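One letter stands for each residue in the lines below.
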Amino acid sequence: MDLAHSEEEEEFRARLREWLAAVLPTLPARPDPLDWPARRAYDCGWQRRLYDAGYADVHWNASPTQRLIFLEETELAGAPYVGANFVGLLHAGPTIAAEGTAGQRDRWLPGILRGDEVWCQGFSEPEAGSDLASLRTRAVRDGDAYVVSGQKIWTSHAEVADWCELLVRTDPTASKHRGISWLAMPMDAPGVTVRPLRTLAGSTEFAEMFLDEVRIPVGNRVGEENDGWRVTMVTLSFERGTAFVGEVVACRRLLGELARTARRNGTWDDPVLRRRLGRLSAEFQALWRLTQANVSEAQATGGVPGAGGSVFKLHYSHARQELYEAAAAVLGPDALDLGRDWTLDRLSSLSYTIAAGTSQIQRNIVAERILGLPKGR
């Protein structure tokens, strides 16, 4: 497996660095992180700048290696993250690009790329989280529309979204992994009710969503009817395979800041802490190499990440939590200051062993699809 970059890819990196150096100083001040309407405007404004500069489609109309370079360079430069539209750019958009019809790609991808439309994810339900295939939200065919009723929870950015990637059960008589369909639902459709959920950090990037006989055109279905589980695996492969790439770069940068802080406040004198930070440095270096390997594999197999994404997600979730536990040891009492970004990030890290598929589910995927072990009974 060749992990070296080609001359063309290095030229792409150089052009991107030059553009970032010119544009980042001109950006407005970042909004209050708890003000989601303002964050949507800021994040979509950044996306429009990317679009105008020709970088907006890197998430699905570029090689996986170029996508990796883009995420690495923007994170290293301190550029804004995709933010409010991470579902559209990193989950729904790549899925539509891979599985949608030409008409669906023309309808939805430009709006995502320009920052005109924000998407949310309607997958999990109160009794179908880790066991996602047990979902009960039901869609009944009525002519050229599905009539959808049910409840979703942990719906990312639902309160500021225009569209939702929605999983529904279209055949209640089929086995639980069959009879599911993947729909694009307009969030302003009659019958959609959104109730924000407040996190431990005080933000409301998640919501519960109630659907009461919402009519969704059949033309909004991505993939065939009852083939939604396969389409969902495409979505989750992007979510676990490449969506966290920028965060690995951020963690490596944070680790360097943590070491410098430890030297300033004297905690660096503790040999146990130094070994802890050294091991974490090796962990994130290994995760970065694993990311490169997964991207190379995706490039060789058509652009969709494989089961290796679950290996990455499993290890990254725990490494991130360990990183912020180490940060707490370095900061001491200051680690309880909610005004510090590190404190809020530490609270957020607690969710990573659950978000995007629990660690238990990732272990099952690794055991069954990579190691070839039999499924549990």
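The structure under discussion appears in the preceding block.
Residues numbered from 1 in each chain as written. Predicted model: local features only at pLDDT ≥ 70, side-chain atom pairs only at ≥ 80, totals over all residues. Heavy atoms only, no water.

### A few points about the environment of Gln151
Within the secondary structure, Gln151 is located in strand E3 (residues 145-152). Measuring from C-alpha to C-alpha, the distance between Gln151 and Thr193 comes to 9.6 Å, with 42 residues separating the pair along the chain. Sequence-distant contacts of Gln151, defined by excluding residues within four places in its chain, comprise Glu125, Pro126, Thr137, Glu208, Met209 and Phe210. (Helix = DSSP H or I, 4+ residues; strand = E, 2+ residues; numbered from the N terminus. Contact = heavy atoms within 4.5 Å.)

### Quick look at the side chain of Glu117
With respect to the helices and strands, Glu117 occurs in the loop between helix H5 (102-114) and strand E1 (119-122). Setting aside residues no more than four positions away along its own chain, Glu117 makes contact with Asn85, Arg107, Trp108, Gly111, Ile112, Asp162 and Trp163.

### With respect to the pattern of salt bridges
Counted by the stated rule, this structure contains 18 salt bridges. A salt bridge links Asp52 to Arg48; the shortest N-O distance between them is 3.1 Å. Here Asp52 and its partner Arg48 are both found in helix H2 (residues 36-53), four residues apart, which amounts to about one turn of the helix. Residue Asp52 is classed as exposed on the basis of its relative accessible area, which comes to 55%. Since its relative accessible area comes to 35%, Arg48 is described here as partly exposed. In this structure, the salt-bridge partner of Arg230 is Asp227, at a minimum N-O distance of 2.8 Å. On the basis of relative accessibility, which here comes to 39%, the residue Arg230 falls in the partly exposed class. Residue classification places Asp227 among the partly exposed residues on the basis of a relative accessible area of 23%. Put simply, Glu10, Arg13, Arg17, Glu72 and Glu73 are held in one network by salt bridges that share partners. (Salt bridge = Lys/Arg side-chain N within 4 Å of Asp/Glu carboxyl O. Buried < 20%, exposed > 50% of the residue type's maximum accessible area, 1.4 Å probe, protein only.)

### Observations concerning the pairing of E1
For a regular strand, side-chain orientation follows a simple rule: the groups alternate between the two sheet faces. Side chains of E1 alternate between two faces, with Trp119 and Gln121 and Cys120 and Gly122 buried alike. With four bridges connecting them, E1 and strand E4 (residues 163-169) associate as parallel partners. Bridged to Gly122 within E4 is Leu166. (Pairing = 2+ DSSP bridges.)

### Focus on the packing of aromatic side chains
In this structure the tally under the stated criterion is seven aromatic pairs. Where Trp19 meets Tyr55, the ring centres are 5.4 Å apart and the plane angle is 50°; that geometry is what we call tilted. Here Trp19, found in helix H1 (residues 7-23), pairs with Tyr55, found in the loop between H2 and helix H3 (64-76); they are 36 residues apart in sequence, far enough to count as distant. When the ring of Trp154 is compared with that of Phe206, the centres are 5.9 Å apart and the planes differ by 90°; the resulting orientation is edge-to-face. Taken together, the positions of Trp154 in the loop between E3 and E4 and Phe206 in strand E7 (residues 206-217) put the pair 52 residues apart, joining distant regions of the chain. Judged by its relative accessible area of 27%, Phe206 is partly exposed. (Phe/Tyr/Trp six-rings, centres within 6.5 Å; stacked < 30°, edge-to-face > 60°.)

The values are spatial; any link to function lies outside them.
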